[in-house]
Amino acid sequence: MPPTVGVLGLQGGVREHRELLEHLGARVTLVRAPSDLAGPDGLRVDALVLPGGESSTIDKLLRLFDLFEPLRVAIAGGLPTLGTCAGLVLLAREVVDPAPGQRSLQVLDVTVQRNALGPQVDSAETTLATPLGAVRVAFIRAPIVTRLGPGVDVVGTHAGRVVGARAGGVTGLSFHPELTGEPAFHSELISATGIPPRGRRLVPQVRI
Ligand code: GLN
């Protein structure tokens, strides 16, 4: 049985994550309601992806669809999770420059500054050195990590800024590996479910 990976499907770059995960052999379910995440028998997904988009909008929709608390509890309870860009903002304990009333799930002990990499690197594609090797990724109005809590590891730096962090099974990235078809982080997420990914590189479907 392939692992089931839930992709939060309320707003943002959902399709690209889905395609990359399916390419790597996972079954993907879109999470849009609490019942997509868990049922009477417990969790319905083996891992989770929080895509990029607009974090303040996703936050509002999470609360509108009663997903905020179930998601927080599931991730805090150990569900392997990968957040990209707005997904990193959602994971963070603290957000600098939030939109009015914006909240975050506070499941990764970092402080992030929204839109820190700003328009000058809008749509920039670059190669980063990471613990998973060199990865080809894209930045789009990306946040940066300005504080790392105890036990949180750096996953990547870009122009001297921290652009990826992880603690336990929770990884937050400022950048988008899914837009360049970079499989390393999604493969790692699938591996965290105990089932190995197929491990082939996806020919990029999307160019920015
Ligand atoms: N700037 C966006 C935010 O704060 C993130 C951008 C992205 O996900 N590409 O949510």
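Residues numbered from 1 in each chain as written. Predicted model: local features only at pLDDT ≥ 70, side-chain atom pairs only at ≥ 80, totals over all residues. Heavy atoms only, no water.

1. A closer look at the overall build of the protein
Link 1 in the chain: When its secondary structure is counted, the protein shows six helices and 14 strands.
Link 2 in the chain: Taken against the 2.2 N^0.38 rule, which gives 17 Å for 208 residues, the C-alpha radius of gyration of the protein at 15 Å falls within 12% of a compact globule.
Link 3 in the chain: The buried share among the 208 residues of the protein stands at 54%.
Link 4 in the chain: Looking at the protein alone, contacts between residues at least 24 apart form 64% of all its contacts between residues at least 6 apart.
Link 5 in the chain: Summed over all atoms, the accessible surface of the protein reaches about 8,800 Å², with 51% contributed by carbon and sulfur.
Link 6 in the chain: The positive charge centre, built from 20 side chains, and the negative charge centre, built from 19, are 2 Å apart in the protein. (Helix = DSSP H or I, 4+ residues; strand = E, 2+ residues; numbered from the N terminus. Rg over C-alpha atoms; globule rule 2.2 N^0.38 Å. Buried < 20%, exposed > 50% of the residue type's maximum accessible area, 1.4 Å probe, protein only. Contact = heavy atoms within 4.5 Å. Areas by Shrake-Rupley, 256 points an atom, 1.4 Å probe, with all protein chains shown as cover. Lys, Arg positive; Asp, Glu negative; His and termini not counted. Charge placed at Lys NZ, Arg CZ, Asp CG, Glu CD.)

2. Remarks on the site of the ligand
Link 1 in the chain: Close to the ligand lie Gly 52, Gly 53, Glu 54, Ser 55, Cys 85, Ala 86, Arg 114, Asn 115, Ile 140, Arg 141 and His 176.
Link 2 in the chain: Taking Gly 53, its main chain carries an N or O atom lying 2.9 Å from an oxygen atom of the ligand.
Link 3 in the chain: Ile 140 places a polar main-chain atom, nitrogen or oxygen, 3.1 Å from a nitrogen atom of the ligand.
Link 4 in the chain: In isolation the ligand offers 300 Å² of accessible surface; the protein chains occlude 94% of this area.
Link 5 in the chain: Within the shell around the ligand, the residues separate by chemical class into three nonpolar, five polar and three charged. (Near = heavy atom within 4 Å. Polar contact = N/O pair within 3.5 Å; in protein donor to acceptor, adjacent residues only side chain to side chain. Nonpolar A, V, L, I, M, F, W, Y, C, P; charged D, E, K, R; others polar.)

3. Notes on the packing of aromatic side chains
Link 1 in the chain: By the definition in use, this model includes two aromatic pairs.
Link 2 in the chain: Here Phe 139 and Phe 175 contribute two aromatic rings whose centre-to-centre distance is 5.9 Å and whose plane-to-plane angle is 70°, an arrangement assigned as edge-to-face. Placement of the pair is Phe 139 in strand 10 (residues 133–139) and Phe 175 in the loop between strand 14 (170–173) and helix 6 (184–191), with a sequence separation of 36 residues. Phe 175 carries the same exposure label as Phe 139, and that label is buried.
Link 3 in the chain: Connected via pairs of aromatic rings, a cluster forms that spans Phe 139, Phe 175 and Phe 185.
Link 4 in the chain: A cation over a ring is seen here: Arg 103 above Phe 68, with NZ or CZ 4.2 Å from the ring centre. (Phe/Tyr/Trp six-rings, centres within 6.5 Å; stacked < 30°, edge-to-face > 60°. Lys NZ or Arg CZ within 6 Å of the ring centre and 35° of its normal.)

4. Re the side chain of Thr 130
Link 1 in the chain: Within the secondary structure, Thr 130 is located in strand 9 (residues 124–130).
Link 2 in the chain: With relative accessibility at 11%, the residue Thr 130 sits in the buried group.
Link 3 in the chain: In this structure the side chain of Thr 130 is engaged in a polar contact, spanning 3.0 Å, whose partner is the backbone nitrogen of Leu 132.
Link 4 in the chain: Within the structure, the side chain of Thr 130 is placed 2.8 Å from the backbone oxygen of Gly 133, a separation counted as a polar contact.

5. A word on the confidence of the model for the protein
Link 1 in the chain: Mean pLDDT over the protein: 91, with 92% of residues reaching 70 or higher.
Link 2 in the chain: Every residue in residues 202–208 scores below 50 in pLDDT, and together they form 13 contacts with partners more than four places removed in sequence or on other chains. (pLDDT = per-residue confidence, 0-100.)

6. Things to note about the environment of Ala 92
Link 1 in the chain: By the secondary structure assignment, Ala 92 is in strand 7 (residues 92–96).
Link 2 in the chain: Contacts of Ala 92, omitting those with residues within four sequence positions, involve Ser 104, Leu 105, Gln 106, Leu 108, Val 110 and Val 112.

7. Describing the pattern of salt bridges
Link 1 in the chain: Evaluation of the coordinates by the stated rule reveals 11 salt bridges.
Link 2 in the chain: The partner of Asp 109 in a salt bridge is Arg 93, and the shortest N-O contact between them spans 3.6 Å. Of this pair, Asp 109 sits in strand 8 (residues 108–113) while Arg 93 sits in strand 7, placing them 16 residues apart in sequence.
Link 3 in the chain: Since its relative accessible area comes to 43%, Arg 93 is described here as partly exposed.
Link 4 in the chain: The network of salt bridges with shared partners includes Arg 93, Glu 94, Asp 109 and Arg 147. (Salt bridge = Lys/Arg side-chain N within 4 Å of Asp/Glu carboxyl O.)

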